[in-house]
Amino acid sequence: MEIDDVLPCRKFAFSIGHFLNDLCASVWFSYSLVFYHRVAKFSNSSAGYLLLIGQVADALVTVFVGFASDRTKQGEYGKRKSWHLLGVICVLSSFSICFQLENESLAFILPSFIYYTIFIIIFQFGWACSQIGHLSMLNELTSKDGERVALNAYRHAWSIVANIFVYTVTWLLLDKNQTNDNTQMNANVFRMLTHIIIITGFFTSLIFHLGSKESPSVTKHCKSLSSASHTWRDILYDTQFYLISLIWMLTRVISNVSQVYLPLYIMDTTDASQVDRTFIATGPLCVYISGFITSFPMRKVNQYLGRKKTMIVGLIAVLLSSFLFWYIFSLNINFGISIRFTILIGTILLGIGITTVQITSSALTSDLIGQNTESSAFVYGAMSFLDKLANGLAITFIQQYNPCSTCSTCCPLFYRQILSFVPGVTTLCTLLILISITRIHSSTQWIDSIRQSIRSLWNRIMRRTVKVIVTKIV
C-alpha cells in the first residue's frame with residue numbers, strides 16, 4: 001500500500017465521523033419549522049426566525065472554529081479531533097432540548113423564544129466544531145487525489161444514510177403514536193426521535209474517535225512537497241477561492257431548499273386522489289436512495305470526466321428534475337404521463353444531481369487546499385459560513401412571504417414555484433460560476449507569476465540599496 005493510501009478501517013471510521021451531525025441536520029431542516037410552528041405554537045415568521053438564528057450562529061462559529069483549529073497545537077490527541085470531540089459533547093447535550101416543549105417551571109423565568117434560542121446556539125456551536133474538525137481532517141489523511149474523492153464520497157454516502165434513517169424512524173414513530181391529541185402526538189414523536197438520534201450518534205462518534213487517527217507525518221510530508229506555505233491571507237488573494245466558495249454555497253442551497261420543501265410540494269401541490277399520501281415519505285427516500293447509489297462511482301467518474309464535466313452532469317440532472325416538478329400537470333394532460341411517475345423520476349434525478357454536485361464541490365475545495373493543510377480549517381470555515389448564512393436567509397425569506405396562512409388556494413402554486421425555480425435558477429448560477437473558474441485558471445497563474453516577479457524585483461532593489469548605503473557609510 002502506498003504512503004497516501006488510507007486503510008479501509010480508517011476510511012470507515014472517518015466516513016462515519018459526521019453521522020451525528022447529519023442526523024441532526026436532517027431533523028433540523030426537515031422538521032424544525034413543523035415543530036416550532038405546530039407544536040411549540042410560534043407564528044410562521046417566528047419559527048423562520050428561530051431557524052435563521054441557528055443558521056447565523058452556525059455561520060459565525062464556523063469562521064471562529066476555522067481560525068482556532070488551524071492555530072491549535074497538534075498534541076497527542078490531534079487538533080482536529082479535539083475540536084470534533086468538543087462539538088460532539090455540545091450537540092449531544094443540547095439537540096434533544098431544541099425539540100422538546102419548554103419546561104413549565106422555566107416558562108416563568110425565560111420567554112419561550114429566548115429559551116429555544118439559547119439551546120439552538122449551543123447546538124449550532126457544537127455542530128460547527130464537529131463539521132470543521134471533520135472536514136479539515138480529510139486533507140491531512142492523504143494527499144492522493146483519488147483517495148480524497150473517495151473519502152468525500154463515503155462521507156456523503158453516510159450523510160444520505162442518516163437522512164434515510166431519520167425519515168424511516170419518523171415514519172415508524174408516527175405509525176405507533178396515533179392519538180387523538182395531535183399536538184401531544186407530535187411532541188412525543190419529536191422527543192423519541194431526538195433521543196434515538198442522540199443514542200445512535202453517540203455510538204457512531206465513538207467509532208470515529210476510536211478508529212480514526214490524525215497523521216501528522218502525512219501532514220509534514222505534504223508540507224515538504226509544497227513549494228510555499230499558504231496562510232489564510234494568501235488564500236484571500238486567490239480569486240478561485242471565492243468562486244469555489246460560491247459553488248459550495250449554491251450546491252448546499254439546492255440541497256437544503258429541496259429537502260425542506262419537497263414534502264410540502266407533494267402534500268399541497270398534488271391531490272390525494274392523484275398521488276398516495278405515502279409519497280410524502282417515499283419522495284424524499286427516493287432522493288436519498290438514488291443519491292446513496294450515485295455516491296459510490298463518483299471516484300471513477302471524477303477520474304474519467306474531470307471536475308468540470310462531472311459537475312455539469314449533476315447540474316443537468318437537477319435542471320431536469322426542476323423541469324419535471326414544474327410541468328408535472330402538463331405532462332399528465334398532454335402526454336398521459338402519470339403524476340406519480342413524474343414525481344418518482346424527478347426525485348431520482350434530484351438525488352443524482354445533488355449527490356454529484358456536492359461531492360464534486362467538495363473535491364474542488366480539496367483541490368484548492370491541495371497540500372497546504374495548515375489552512376484547511378479556515379477554508380472550510382469560510383465556505384460553511386456562506387453556506388449556512390445563505391440557507392438561513394433563503395428559507396426565512398421564503399417563510400416570510402409564504403401565502404399559505406392567508407390564502408390556502410395559493411399553496412399549490414407557491415410550493416411548485418419554490419421547488420422548481422429556486423433549484424433551477426441556483427443551478428444556472430452555479431454553471432456560470434463553474435465556467436468562470438476554467439476561464440480564470442490561466443489568468444490566475446499569470447497574476448501569480450507577475451506577483452512573484454514584482455516581489456523578486458523588489459527584493460533585488462532593496463538588497464542593492466542596502467549594499468550601496470553600507471558601502472558609503474564604510
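Above this text is the structure in question.
For every chain, the first residue of its written sequence is number 1, and the numbers climb from 1 along that sequence. A pLDDT threshold of at least 70 governs which residues receive local features in this predicted model, and a stricter bar of 80 or more applies before side-chain atom pairs are shown or counted, although totals over entire chains, interfaces and linings include all residues. Values reported for side chains reflect all heavy atoms of the structure, with hydrogen atoms and water molecules removed beforehand.

Caption draft 1: Molecular detail of the overall build of the protein chain. In this text, helices come from DSSP runs of H or I with a minimum length of four residues, and strands from runs of E with a minimum of two, each type numbered from the N-terminal end. In terms of helices and strands, the protein chain carries 17 helices and zero strands. Counting every position in the protein chain, which comprises 474 residues, the buried fraction comes to 53%. In what follows, a contact means two residues having at least one pair of non-hydrogen atoms within 4.5 Å. Counted over contacts in the protein chain with a minimum sequence separation of 6, partners at least 24 positions apart contribute 82%. Here, Shrake-Rupley sampling with a 1.4 Å probe gives the accessible areas, and only protein chains in the shown set may cover a residue. With an accessible surface of roughly 21,600 Å², the protein chain has 66% of that area assigned to carbon and sulfur atoms. In this scheme, a residue with accessible area under 20% of its type's maximum is buried, one over 50% is exposed, and one in between is partly exposed, where area comes from a 1.4 Å probe on protein chains only.

Caption draft 2: Layout of the pattern of salt bridges. Here a salt bridge means any side-chain nitrogen of Lys or Arg lying within 4 Å of a carboxyl oxygen belonging to Asp or Glu. Evaluated as defined, the whole model comprises two salt bridges. With its nearest N and O atoms 3.1 Å apart, the salt bridge here joins K388 to D58. Pair noted here: K388 is in helix α16 (residues 376-400) and D58 is in helix α3 (residues 44-71), with a separation of 330 residues, a long-range link. Just as K388 is buried, D58 falls in that class too.

Caption draft 3: Summary view of the nonpolar core. In terms of nonpolar packing, the biggest core is built from 96 residues, with Y36 and F95 touching the most fellow members. When neighbours within four sequence positions are excluded, F95 is seen to be in contact with C24, V27, F123, T194, I197 and I198. Grouped together as the second largest cluster of nonpolar side chains are six residues, F14, L138, L141 and F208 included. Here, nonpolar core means buried Ala, Val, Leu, Ile, Met, Phe, Trp, Tyr and Cys residues that are tied together by side-chain atoms lying within 4.5 Å of each other.

Caption draft 4: Seen up close, the packing of aromatic side chains. Here is the rule: rings of Phe, Tyr and Trp (six-membered ring for Trp) pair when centre to centre is within 6.5 Å. Planes less than 30 degrees apart are stacked, more than 60 are edge-to-face, and the remainder are tilted. Taken as a whole and assessed by the stated rule, the structure comprises 32 aromatic pairs. Ring centres of F241 and Y242 lie 5.2 Å apart, and the angle between their planes is 70°; this geometry places the pair in the edge-to-face category. Ring centres of W326 and F421 lie 4.7 Å apart, and the angle between their planes is 40°; on these two criteria the pair is classed as tilted. In this pair, W326 is assigned in helix α13 (residues 298-326) and F421 in helix α17 (residues 411-473), connecting sequence segments 95 residues apart. For F421, a relative accessible area of 41% gives the class partly exposed. Lysine and arginine charges are scored as sitting over a ring when NZ or CZ, respectively, is within 6 Å of the ring centre and within 35 degrees of the ring normal. The cationic tip of R252 hangs over the ring face of W248; the distance from NZ or CZ to the ring centre is 3.8 Å. Directly above the ring of W326 sits R416, whose terminal nitrogen or CZ lies 4.2 Å from the centroid.

Caption draft 5: Structural context of α13. To estimate the expected span of a helix, subtract one from its residue number and multiply by 1.5 Å. End to end, α13 covers just 29 Å across 29 residues, shorter than the expected 42 Å (1.5 Å per residue, more than 12% under). Largest kink in α13: about 110°, centred on G306. The quantity called bend is, for any residue, the angle between two axes fitted respectively to the seven residues ending at it and the seven beginning at it.

Caption draft 6: Up close: helix α15 (residues 339-369). Between its first and last C-alpha, α15 extends 45 Å over 31 residues, near the 45 Å set by a 1.5 Å rise per residue. In terms of residue burial, α15 counts as a mostly covered element, since 23 of its 31 residues are buried.

All we've got here are geometric facts, nothing functional implied.
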